[in-house]
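Okay, here's what each chain looks like letter by letter:
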Amino acid sequence: MNTLDLVKKKVGKPYYDLEFVLLALKEVLIENGEESIAKEIPLINNIEYQDLSHFTSKHVQLYSIIFQLIHTVEINAAVQERRADEDVNLGSVNGLWASQFSKIKKLGFSEEEIIGQLKNVTLSPVLTAHPTEAKRTTVLEHHRDLYLNLVRKENSMFSKTEQENLRTSIKLTLFKLWKTGEIFLEKPDLDSELRNILYYFLNVFPEIIPIMDRRMVQSWEYAGFNKQTILERGIYPKIRFGDWVGGDRDGHPLVTAEFTEHTLSLLRLNAFIIIRRKLMIVLKDLSFSLDLESSFQPMKERIESMAEELGERGKSAIERNRNEAFRQLINLMVVKLPLEVARGHATSVREWEGSYVKPDELLNDLKLLKEGLKNFGAGNFANESITDVIRTVSTFGFHLAELDIRQNSAFHDAAISELMNIAGLEGDKYPEMSEDERLNFINGEFELRRPFTLANCKLGEKSSKVIGVYRVVQKHISKFGHEPFGYFIVSMTRSLSDLLGVYLLQREAGLTKDTEEGIISLVPVVPLLETIEDLQNGPEILDKFLSHPVTKRTLKYHQEVRKQEIPVQLVMVGYSDSNKDGGIIASQYNLLKAQRELAKIGRKHGVDVQYFHGKGGSISRGAGPTHYFIEALAKNSLGNGIRITEQGETIERKYANKVNAAYNLELLAATSLLKKMTDQKNEGERLNEDREFLLKWMADKSFETYRKLLEAKDFIPFFRQVTPIDAIENSKIGSRPSRRTGSNSLSDLRAIPWVFSWTQNRFNITSWYGVGTTLEELKKNELDSYELLSKLMKNDPFVRYLFTNIDTSLAATEESIMNMYAELVEDPEVRERFMGMIFEELELTRSHMDKILERDIQDRRTQHYYSNILRGSIMNVLHEKQIDLLKKYRSEGDQNGTLLELLMTINALAGGLGNTG
C-alpha cells in the first residue's frame, strides 16, 4: 500500500480530494506537453531518484505546488467537518461562540453579567510583514481560487456537466500555478507588502465580521438567552485592526517618513472604499417607498439639513430617489464621503465642502437611519443590514487600521545624542550615561518645555529619521485625530529611560501637548519586552513608568480621548527573542510570570495593563491553537482587550478564505470572553505553590541546558554549517534584512531566520531542546513534581498548551534528515560533539514526553500524525537536493543560478513543513 492509500484509509476525505487534484494536475501537464514531469508527480506515481542531477528546479517547483495542495485540501476538510458537527450540535466545536457561551453559563453568570463583559472585549489582530511569507502574492491568489472551487465541489446538487466544468476550472488554476514562479526572484518592495495586507483589510475582514456577529447571535440564542437583547442593544465585541507595514522601522532602513505618509494615505482611502461599498449594498436593497414629508421627523430634518449644506451635490442626491426617503439619506451619506469617484469607482481621497471629517458623524447618521427604519416597521432589516454598516464604520473608522510605529531603543539613544549635540549639550555622552544620569537629564528637559532644535535646523542621520516620521504622525493627528495610530513601540526596552526618551523625541516633533500640570504625549509609548532578562525586569520598569508624572497625565488624557473606563497601558511581550534566548520552557514560563506580575503593577496604579502578544507562525515563536493559547494566559492578565500579531504565512493560512477567517476571528473573540469570565469567577483563588515551584524549576533547568548548547565552543560555526542560514540570509521573501545591524553574531540575528534555519533541516531545537534533561532531572530529584506534571497535563491550560506544542514540534523532527545535514559540518570533532549532545537530548525528550502524555501521537492526534507521514514521504528528496546545493553554493558560490535553486528548495520545504519562522 503506497503512502497516499494508507493515509486515505486512516483519515479519509481530505486525501481523496488530494488524489483528485493530483490527477487533475497530471492531466494538465500532459495536455500541455509536460508528459515527463507528469509521470513524476509523487503520491500517484511510483518514483525513485537515484541521481539528484535528474531532480531539477522544475521538480522542486512541482513539489512546492503539491505541498500547497495538501494544505488546501486539509483546510477544506476541516471546514466541512466543523459544518457537519455543528449541524448535529452547534456547541460541538471547541472554542467557538456556542461552546464558550455554554461554559460561561455553567459558571453561573447571568445574561446581564455576560453582556456587561462582552461589550468591553476588544480584539486587535495586527498584520505585520515579517519575512516569513515565502509565496508571492500572485500565487496566493491562485491558491484562493483553487480553494473556492474545492468548496463548490462539495455541492451534491451539481449535474455531471457542472461537475466537469468545475474540474476544468480547477485544472485551469493548476495550470496557472504551474506557470507562475513560486518564489521572489527579487526582494519584494514595501509597496508589494502593503498591497498584500491591504487585500485582507479590503476584501476579507469587512466580509467576515458580519459572519462572526450572526454566529454570535445564533449561539447566544442556542445557549438559552434572548437574542433580541443583542440585536436591540448592539452588543458585540469591539474589533480594532492594526498594521505594522509602513510603521515598523526596527532595523528596517526602507521604512522612511515618506513611506509612512504613503501608507497612511492608502489606509485612509481604502477605509472609505469599504464604507462606500457597504453603503451601496444597502442603497440597492432599501427600496421601501416612503415620501420624505411622511418620514420619521428627526430623519426628515437631517436629510433637509444635509442637502442644504452640500449644495448642488446634495440637491442631486435627494432628487435621485424621490419618494424613497431612506435611499435619499444614504445617497447623502455617500456624497458626504470625501472621495473622488470615477466611473463608479473611488480613486482618491478628496475633501468636499460638507464632507465627513470624523467617523462619529457618519455613525450618528447611520444610527438615525436605523431608528427611522424601526419607526417604519423594518426593524429586522435595520438590525441586520444597518448594523453591518455601523459595525464596519466602528471597526475601520476612516483609517482602516491603527498604524504602530516601532523602533529600537538603541536607535532612539543615537537620535537623542544627535539632538543634544545640535543644542550644544554634549550629546556624545548620552549613550554612556548611567540610568540615574539619563533620568536626571530627561526630567530636567521636561521642565524646560522646549525642543532641542529650531525649525528647519539640519538634523543628524538617526535624528532626522526619527523626527521625520514623528512629524508625519503629528501632521496626520492634527488633521484627522488619534484614530489612525496605535502606539509608539520601543523594541529592546531595558530601562525606564528607554521609554521616557521617546517623550523627548515626541516633544521635538510637536507630539507632546502642554497642560497646566506639564506635558502629555499624543501617542502612547509602549515597552516591548523581548529577552528573558527583559521579561524579568519588566515589572520594575513598568512600575517606575506608571509612577512618572508624564505617563500619568498621558494615560489620563488617552482615557478621555479613547473613552476608556480606566486608564490603559499596553505592554508588548515578545515570544520570538525570549525563545531564542532561553528555549521553549524558559520562554513560556517567563512570559506567563511577567504578564502576571505586570498585571499586578497595573492594579497597584489603577491602570488596566493590556498585552500585545508578538507571536509568529512557528511553535518556537508562540504559535499553537488560538483557544489553547488564550486559555493558557496568566490569570487576570487578559484585561478588556487582546492585541496580537499575525505574521507572514500565518496571515495566509488563517485568513486567505473567508470561512476559515471567520472561524479564526471567532476563536479569538469567544475564547477571550470565556477567559475573562473564568478569571473573574476564580478571582479569590491563591497561586498553587506546588505548580509554581514545578514551572520555575523546569524553566531554570531548561534555560541552563539550552544556554549550555548555545554557548559551547564552536557552536556558531556548527550552526552556520548544519543549517541553510547562509541561503536564508540571501532569500527574497521579505523586504526586511535578516539582521538588525548587520553584524555577524547570534545576538544580532533576528529570531525569524534563526528558527527558520532550524526548521528547514528538521532539527527544530528551538522548540524542544532542554526539555529532556529537565524532565530527567525532575524525575530524579523532584519525583512528586514529576508526578504532578502528569496530572497537570490533563487539566492545566498552560501546561497542556506548552507540552502540546512541544509534542507537535517533535513530530516534525526527523533524525535521519538531521544526520544528512550533519555531514555539512566540516570538522568531524565539532560535528560529533554537537550531534551527540542534540541526539542525547532528543532521545530523553521523546522518552519523557511518551510517559507524560501516556499515548502515542498516532492515537492522540491522528490527523496530524498521518499528515506528517504524507508530507514526510515526499520531503526527503528535497532535503537531499538542498544539501547537494548547499555544498555547491559553499564551495563555488552562486554560479549558474545555484542560489535561486537553493531558495526554491527552501520555499518548497517551508510549504511541506507548514511554516517558515
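Because the structure is a prediction, the values reported are computed rather than measured.

1. Describing the environment of Met216
Then, number 1: Relative to the helices and strands, Met216 is located in helix α9 (residues 190-222).
Then, number 2: Put simply, Met216 and Leu710 are 494 residues apart on the chain and 48 Å apart in space, counted from C-alpha to C-alpha.
Then, number 3: Non-local contacts of Met216, meaning those with residues more than four positions away in its chain, are made with Trp97, Phe101, Leu118, Ile230, Ile235, Tyr236 and Pro237.

2. Observations regarding the packing of helix α4 (residues 57-88) against helix α38 (residues 862-892)
Then, number 1: Interaxial distance between α4 and α38 falls to 11 Å at its minimum, and their mutual angle equals 175°. Overall, the two elements α4 and α38 adopt an arrangement that is roughly antiparallel. Contacts between α4 and α38 involve Val60, Tyr63, Ile66, Phe67, Ile70, His71 and Glu74 from the former and Gln863, Ser867, Leu870, Arg871, Ile874, Met875, Val877 and Leu878 from the latter.
Then, number 2: Grouping the constituent residues of the contact of α4 with α38 by class yields 10 nonpolar, 3 polar and 2 charged.

3. Observations regarding helix α35 (residues 815-822)
Then, number 1: When we look at burial in α35, the residues that qualify are Ile817, Met818, Tyr821 and Ala822. Angular distribution of buried residues about the axis of α35 spans 145°; they occupy a single face of the element.
Then, number 2: Buried-residue contacts for α35 involve α29 (715-722), α31 (751-760), α36 (828-853), α38 and α39 (898-913).

4. A word on the pattern of salt bridges
Then, number 1: Scanning the entire structure with this criterion turns up 56 salt bridges.
Then, number 2: Measuring nitrogen to oxygen at the nearest pair gives 3.9 Å for the salt bridge that ties Lys300 to Glu293.
Then, number 3: For Lys563, the salt bridge identified is with Asp360, shortest N-O distance 3.8 Å. Taken together, the residues Lys563 in the loop between α22 (549-561) and β11 (568-574) and Asp360 in helix α15 (residues 359-376) connect sequence positions 203 residues apart.
Then, number 4: Its relative accessible area of 67% is what places Lys563 among the exposed residues.
Then, number 5: Look at Asp360 and you get partly exposed, because its relative accessible area is 41%.

What counts, and where the lines are drawn
- Residues numbered from 1 in each chain as written.
- Predicted model: local features only at pLDDT ≥ 70, side-chain atom pairs only at ≥ 80, totals over all residues.
- Heavy atoms only, no water.
- Helix = DSSP H or I, 4+ residues; strand = E, 2+ residues; numbered from the N terminus.
- Contact = heavy atoms within 4.5 Å.
- Axes fitted to C-alpha atoms, helices over the stretch in contact; angles between N-to-C directions.
- Parallel < 35°, antiparallel > 145°, perpendicular 65-115°, else oblique.
- Nonpolar A, V, L, I, M, F, W, Y, C, P; charged D, E, K, R; others polar.
- Buried < 20%, exposed > 50% of the residue type's maximum accessible area, 1.4 Å probe, protein only.
- Arc of directions from axis to C-beta.
- Salt bridge = Lys/Arg side-chain N within 4 Å of Asp/Glu carboxyl O.

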